[in-house]
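# Residue-level structure breakdown
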Amino acid sequence: MKRFLIVMLAVSILTAGCQEDKESKDKKESSQTVQLSTNKQPANQNPSKQAEKVLQKKNHLKDIKAVNDDKKILIAAQIPHNERFKIAKIEKKLTRQAEKQFSGHEVTLSLDLKIHLEVKELKQQIKNKEVSKKEVTKEIDRLIKLSKRNQ
């Protein structure tokens, strides 16, 4: 008799724990909403992707990230540590290459690590569609101002 009561108690506890209540079911249904449209459509990032490919192919850079809006391209690159002594020369060369390739855009190039990290983060936000076109332009302007101040 004791065993029977223990088994019944265990079964009732297990079945009570496995049941879904109505509130949790409603929460699941309401969390499955689909966003049909969004106003966060950043500018076409093809020029910045092309800039990354071209500069990476022509030069031996550690990493390169670029973002753009309709008028400007911001390129942030990292050079190998042993070439830090020639940083001004390298920056000038890369800027000339980018300006030649993208004459329709205002090109800004920076070899600063902080700018590189900020551009990388902005690029991720654009990829995830977390920022609007206006916000991208505003952030690019802020980063360009920051990069010019550090020179």
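None of these values were measured; they are calculated from a predicted model.

## Focus on helix α5 (residues 113–127)
- Here α5 spans 21 Å end to end across 15 residues, near enough to the 21 Å set by a 1.5 Å rise per residue.
- Buried within α5 we find I115, H116, E118, V119, L122 and I126. With its buried residues spanning 165° around the axis, α5 presents them on a single face.
- For α5, the capping residue at the N-terminal end is D112, with a side-chain oxygen 3.2 Å from the backbone nitrogen of K114.

## Considering the nonpolar core
- Counting residues in each nonpolar core, the largest one holds 16 residues, and the members touching the most others are L55, L61, I64, I75, L94, L109 and L111.
- For this core, the elements supplying multiple residues, two or more each, are α3 (46–58), β1 (63–68), β2 (72–78), α4 (87–101) and β3 (106–110).
- Excluding residues that lie within four positions of it along the chain, I64 makes contacts with A51, E52, L55, Q56, I75, A76, A77 and H116.

## Some remarks on the sheet that holds β3
- With respect to topology, three strands assemble into an open sheet ordered β1-β2-β3, the strand pairing being mixed. Of all strands in the sheet, those bounded by a partner on one side alone are β1 and β3. Taken over all neighbouring pairs, the strand axes of this sheet differ in orientation by 15° on average, direction set aside.
- Those strands touched by α4 are β2 and β3, and its axis lies near 155° from that of β3.
- Sheet strands in contact with α5 are β1, β2 and β3, and its direction is about 55° off that of β1.

## So, the confidence of the model for the chain
- Mean pLDDT over the chain stands at 81; residues scoring 70 or higher make up 81%.
- At the low end of the mean pLDDT range in the chain sits helix α2 (residues 22–30), at 55; at the high end sits α5, at 92.
- For the stretch residues 33–37, pLDDT sits under 50, and the model shows zero contacts to residues farther than four places along the chain or on other chains.

## Notes on the pairing of β2
- For β2, the buried fraction is high: seven of the seven residues fall into the buried class.
- Burial of the side chains of β2 extends over both faces: K72, L74, A76 and Q78 are buried on one face and I73, I75 and A77 on the other.
- Taken together, the six bridges between β1 and β2 define a ladder with antiparallel strand orientation. Within the sheet, the bridge partner assigned to A66 lies in β2 and is I75.
- In textbook terms, the turn of a hairpin is the stretch between consecutive antiparallel strands, and for β1 and β2 this stretch comprises three residues.

## So, the side chain of S110
- By the secondary structure assignment, S110 is in strand β3.
- At 3.2 Å, the side chain of S110 and the backbone nitrogen of D112 are in polar contact.
- Setting aside residues no more than four positions away along its own chain, S110 makes contact with I75, A76, A77, E91, I115 and S147.

## Focus: the packing of α5 against helix α6 (residues 133–149)
- For the pair α5 and α6, the least separation of the axes is 11 Å and the interaxial angle reads 175°. On the basis of their axis angle, the class for α5 and α6 is roughly antiparallel. On α6, the residues that touch I115, E118, V119, L122 and I126 of α5 are V136, E139, I140, R142, L143, L146 and S147.
- Looking at the contact of α5 with α6 residue by residue, the classes come out as eight nonpolar, one polar and three charged.

## With respect to the pattern of salt bridges
- Throughout the structure, instances matching the rule amount to six salt bridges.
- The salt bridge partner of K123 is E52, with a shortest N-O separation of 2.3 Å. Linking K123 in helix α5 with E52 in helix α3, this pair joins segments that are 71 residues apart in sequence.
- A relative accessible area of 23% places K123 in the partly exposed class.
- Given a relative accessible area of 14%, E52 falls into the buried group.
- A salt bridge links K133 to D70; the shortest N-O distance between them is 3.5 Å. On the criterion of sequence distance, the pair formed by K133 in helix α6 and D70 in the loop between β1 and β2 is long-range, its members being 63 residues apart.
- With relative accessibility at 36%, the residue K133 sits in the partly exposed group.
- Connected via shared salt-bridge partners are K114, E118, E139 and R142.

The rules behind each value
- Residues numbered from 1 in each chain as written.
- Predicted model: local features only at pLDDT ≥ 70, side-chain atom pairs only at ≥ 80, totals over all residues.
- Heavy atoms only, no water.
- Helix = DSSP H or I, 4+ residues; strand = E, 2+ residues; numbered from the N terminus.
- Expected span 1.5 Å × (residues − 1).
- Buried < 20%, exposed > 50% of the residue type's maximum accessible area, 1.4 Å probe, protein only.
- Arc of directions from axis to C-beta.
- Polar contact = N/O pair within 3.5 Å; in protein donor to acceptor, adjacent residues only side chain to side chain.
- Core = buried A, V, L, I, M, F, W, Y, C linked by side-chain atoms within 4.5 Å.
- Contact = heavy atoms within 4.5 Å.
- Pairing = 2+ DSSP bridges.
- Axes fitted to C-alpha atoms, helices over the stretch in contact; angles between N-to-C directions.
- pLDDT = per-residue confidence, 0-100.
- Parallel < 35°, antiparallel > 145°, perpendicular 65-115°, else oblique.
- Nonpolar A, V, L, I, M, F, W, Y, C, P; charged D, E, K, R; others polar.
- Salt bridge = Lys/Arg side-chain N within 4 Å of Asp/Glu carboxyl O.

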